[in-house]
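Each chain is listed here by its residues.
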Amino acid sequence: MIDVAHEVNAVARRVGTRVLEAGEANSVTIVRDYDTGIADLWDACTKPERIARWFLPVSGALRVGGHYQLQGNASGTIERCEPPRNFTATWEYGGNVSWIELRLSARSEDRTRLELEHIAPGDAEHWTQFGPGAVGVGWDMALMGLGRHLRSGIALDPESAAAWSASQEGQTFVTTCSELWCEAAIAAGAQPDAARAAAQRTTAFYLGAAPT
C-alpha cells in the first residue's frame, strides 16, 4: 500500500528558465529529501546495480565523457561529475536532446536533499504540447521508487509497478502530480488556459487515454 498523499507532498516542484549557448531553455526542477547519508544517496543514483533496483537497467560507461543507455528509455553522455555532489548529462530520447543535472546536499548526517533539474530547449514542440509535466510526472514516479528502495532495499518489480500505475491509486498519483506541475507552470508565468490544456494532455498520456 502506497500513501499517495505522502508521496505527492514529499516533493517540491519548480518551473523556470535557463540560458544556454543556443538560447533560452525551459527548466523543470524536482526536490525531495531522503533519510539517508549523502554517500548512500549518491551511490543509489550512480551505481548501475542500484539504479536498476529503483529506476531502469542502465548500461555503458558512467564516467565523464562516457555514454549511457537506460533500457527502453533515454541515452546520453556524462558531461560533468563531482562526487558525491552533482553530475550533468545529456538526455537523448525520440530524436530530441535535453539535459539533466543531479545535485545532492547533506541536510544532516543521515538526511540528504536531492534536486533534479531537467532542461529542455525553449523551442521544443514537446514542451508546447505537454508542458513541464511531460518530464515532471515521470521524475515524480522515479523519485517515489528511489524512496521505496532506500527504505527497503527491495528491487522494483516491473510487473507490480505496471499494475500499480494502472490502479486507482496510481491514477490518482499521476493526475495529482500533473495538476501540481500545471500549478508550478502558472506560478512561473505560463498562460493558465494553455497550461491546464497541456496538463490534461500529459495526464491522458500517462494514463494511456486519448487526449481531449
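On a predicted model such as this, the values are computed, not experimentally measured, just so you know. (Residues numbered from 1 in each chain as written. Predicted model: local features only at pLDDT ≥ 70, side-chain atom pairs only at ≥ 80, totals over all residues. Heavy atoms only, no water.)

Enquirer: Kindly report on the overall build of the chain, identifying the contributing residues and their values.
Expert: Scanning the chain from N- to C-terminus turns up eight helices and eight strands. For 212 residues, the compact-globule estimate of 2.2 N^0.38 gives 17 Å, and the C-alpha radius of gyration of the chain, at 17 Å, lies within 12% of that figure. When the backbone C-alpha atoms are referred to their principal axes, the chain occupies close to 45 × 45 × 35 Å. Out of the 212 residues belonging to the chain, those deemed buried represent 42%. In the chain, once contacts between residues fewer than 6 apart in sequence are set aside, the share between residues at least 24 apart is 53%. Accessible surface, the chain as shown: approximately 11,100 Å² in total, 53% of it carbon and sulfur. (Helix = DSSP H or I, 4+ residues; strand = E, 2+ residues; numbered from the N terminus. Rg over C-alpha atoms; globule rule 2.2 N^0.38 Å. Buried < 20%, exposed > 50% of the residue type's maximum accessible area, 1.4 Å probe, protein only. Contact = heavy atoms within 4.5 Å. Areas by Shrake-Rupley, 256 points an atom, 1.4 Å probe, with all protein chains shown as cover.)

Enquirer: Can you break down the sheet that holds strand 6 (residues 86–93) residue by residue, with the values?
Expert: Taking strand neighbours across the sheet as the criterion, the eight strands line up as 1-2-8-7-6-5-4-3 in an open arrangement whose pairing is antiparallel. Only two strands of the sheet have a single neighbouring strand rather than two, namely strand 1 (11–20) and strand 3 (58–60). The average angle at which neighbouring strand axes cross in this sheet is 25°, direction not considered. Sheet topology places strand 3 next to strand 4 (residues 67–70); three bridges connect them, and they run antiparallel. In the strand pairing of strand 4, Val58 is matched with Leu70. Of the strands in this sheet, strand 2 (23–34), strand 5 (75–82), strand 6, strand 7 (96–108) and strand 8 (111–121) are in contact with helix 2 (residues 38–46), which crosses strand 7 at around 160°. With respect to the sheet, helix 7 (residues 168–187) is in contact with strand 1 and strand 2, its orientation differing from that of strand 1 by roughly 45°. (Pairing = 2+ DSSP bridges. Axes fitted to C-alpha atoms, helices over the stretch in contact; angles between N-to-C directions.)

Enquirer: Give me the nonpolar core: which residues, what numbers.
Expert: In this structure, Phe55, Trp91, Leu114, Trp139 and Leu146 are the most contacted members of the largest nonpolar core, which totals 42 residues. In terms of residue count, the dominant contributor to this core is helix 5 (residues 133–152) (six residues). Those residues in contact with Leu114 that lie beyond four places of it in its chain are Ile30, Val31, Arg32, Tyr34, Leu41, Cys45, Leu102, Arg103, Leu104, Leu143 and Leu146. (Core = buried A, V, L, I, M, F, W, Y, C linked by side-chain atoms within 4.5 Å.)

Enquirer: Give me the lowdown on the pattern of salt bridges, citing residues and values where you can.
Expert: Applying the stated criterion across every chain, the model contains 17 salt bridges. The closest approach of N and O atoms between Asp33 and Arg113, which form a salt bridge, is 2.7 Å. On the criterion of sequence distance, the pair formed by Asp33 in strand 2 and Arg113 in strand 8 is long-range, its members being 80 residues apart. A salt bridge links Asp35 to Arg111; the shortest N-O distance between them is 2.3 Å. Of this pair, Asp35 sits in the loop between strand 2 and helix 2 while Arg111 sits in strand 8, and the two are 76 residues apart along the sequence. With a relative accessible area of 65%, Asp35 lands in the exposed category. Taking relative accessible area as the criterion, Arg111 reaches 31% and is therefore assigned partly exposed. (Salt bridge = Lys/Arg side-chain N within 4 Å of Asp/Glu carboxyl O.)

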